[in-house]
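Analysis of the macromolecular model
The residues making up each chain are set out below.
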Amino acid sequence: MIRTPRMTLSGIVLDSPDAHALAAFYRRLLGWTVEQDEPDWVKLSAPGGGAGLSFQTDAAYVQPTWPAGPGDQQMMLHLDIEVDDLNAAGAHAVAAGAILAEYQPQDDVRTYLDPAGHPFCLFLSD
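Figured I'd write up the structure that's included with this text. Note that this is a predicted model, so its numbers are computed, not measured.

With that settled, consider the overall build of the chain. Check the secondary structure of the chain and you find two helices and eight strands. Secondary structure elements in the chain, listed N-terminal to C-terminal, are β-α-β-β-β-β-α-β-β-β. With respect to the principal axes defined by its C-alpha atoms, the chain has extents near 45 × 40 × 35 Å. Expressed as a percentage of contacts within the chain between residues at least 6 apart in sequence, the contacts between residues at least 24 apart total 53%.

In structure tokens, the structure reads:
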């Protein structure tokens, strides 16, 4: 029997045309601190530990379309962010630089687009 090695998810990486600009947006949104800052790479750390969020500059980045149609660049992932007040969190997201997505697939979740076009969802904690 093959032993499964220990694996820990240490981060999620989002590509963008400008890693620093996108990292600045998520710093405003989440209040996380910068752990690593390089010319084309920024990593934010969650205050309670766990997986961080990193940003990488990609000169060939193509913004996803939400929701994607035939031939559109599709999103590769999205972030789900649990909140205690959907309206207040939405107002905070917009003030930080997010755009409320035109298409909203659920009544109890709000989908926003970050400045690089990545969708993210705010949802109420139970």
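From this point, things continue past the structure.
Scanning the entire structure with this criterion turns up one salt bridge. Notably, a salt bridge pairs Lys43 with Glu35, separated by 3.8 Å at the nearest N-O pair. On the basis of relative accessible area, Glu35 is assigned to the partly exposed category, the value being 49%.

Turning to the sheet that holds strand 2 (residues 33-38), a few remarks are in order. Hydrogen bonds along the backbone pair up the strands of a sheet, which may run parallel or antiparallel. Strands sit in the order 1-4-3-2 across an open sheet of four strands; the sheet is mixed. Both outer strands of the open sheet, strand 1 (11-16) and strand 2, are each paired with one neighbouring strand and no more. Adjacent strand axes in the sheet meet at a mean angle of 20°, parallel and antiparallel pairs treated alike. Note that strand 1 and strand 4 (residues 52-57) share six bridges and pair parallel. Each bridged residue has a counterpart across the sheet, and for Gly11 the counterpart in strand 4 is Gly52. Helix-sheet contacts for helix 1 (residues 19-30) involve strand 1, strand 2, strand 3 (41-45) and strand 4, and the interaxial angle to strand 4 is about 155°.

With that settled, the discussion passes to the packing of helix 1 against helix 2 (residues 86-96). Relative to each other, helix 1 and helix 2 sit at 150°, their axes nearing to 9 Å. Taken as axis vectors, helix 1 and helix 2 run roughly antiparallel relative to one another. Both helix 1 and helix 2 take part in a crossing whose hand is right-handed. Contacts between helix 1 and helix 2 involve Phe25, Arg28 and Leu29 from the former and His92, Ala93 and Ala96 from the latter. Grouping the amino acids of the contact of helix 1 with helix 2 by side-chain chemistry returns four nonpolar, one polar and one charged.

For the coordinates displayed, the defined rule picks out six aromatic pairs. Plain terms: the ring middles of Trp66 and Tyr103 are 5.8 Å apart, the flat faces sit at 50° to each other, and that makes the pair tilted. Remark: Tyr103 occurs in the loop between strand 6 (99-100) and strand 7 (109-113) and Trp66 occurs in the loop between strand 4 and strand 5 (79-83); sequence separation between them is 37 residues. On the basis of relative accessible area, Trp66 is assigned to the partly exposed category, the value being 26%. Among the residues examined, Tyr103 registers a relative accessible area of 40% and is labelled partly exposed. Both rings, one in Tyr112 and one in Phe120, keep their centres 5.8 Å apart while their planes meet at 25°; by these two values the pair is stacked. Judged by its relative accessible area of 6%, Tyr112 falls in the buried class.

Cut-offs and rules
- Residues numbered from 1 in each chain as written.
- Predicted model: local features only at pLDDT ≥ 70, side-chain atom pairs only at ≥ 80, totals over all residues.
- Heavy atoms only, no water.
- Helix = DSSP H or I, 4+ residues; strand = E, 2+ residues; numbered from the N terminus.
- Contact = heavy atoms within 4.5 Å.
- Salt bridge = Lys/Arg side-chain N within 4 Å of Asp/Glu carboxyl O.
- Buried < 20%, exposed > 50% of the residue type's maximum accessible area, 1.4 Å probe, protein only.
- Pairing = 2+ DSSP bridges.
- Axes fitted to C-alpha atoms, helices over the stretch in contact; angles between N-to-C directions.
- Parallel < 35°, antiparallel > 145°, perpendicular 65-115°, else oblique.
- Left-handed = near helix turned anticlockwise from the far one by under 90°.
- Nonpolar A, V, L, I, M, F, W, Y, C, P; charged D, E, K, R; others polar.
- Phe/Tyr/Trp six-rings, centres within 6.5 Å; stacked < 30°, edge-to-face > 60°.

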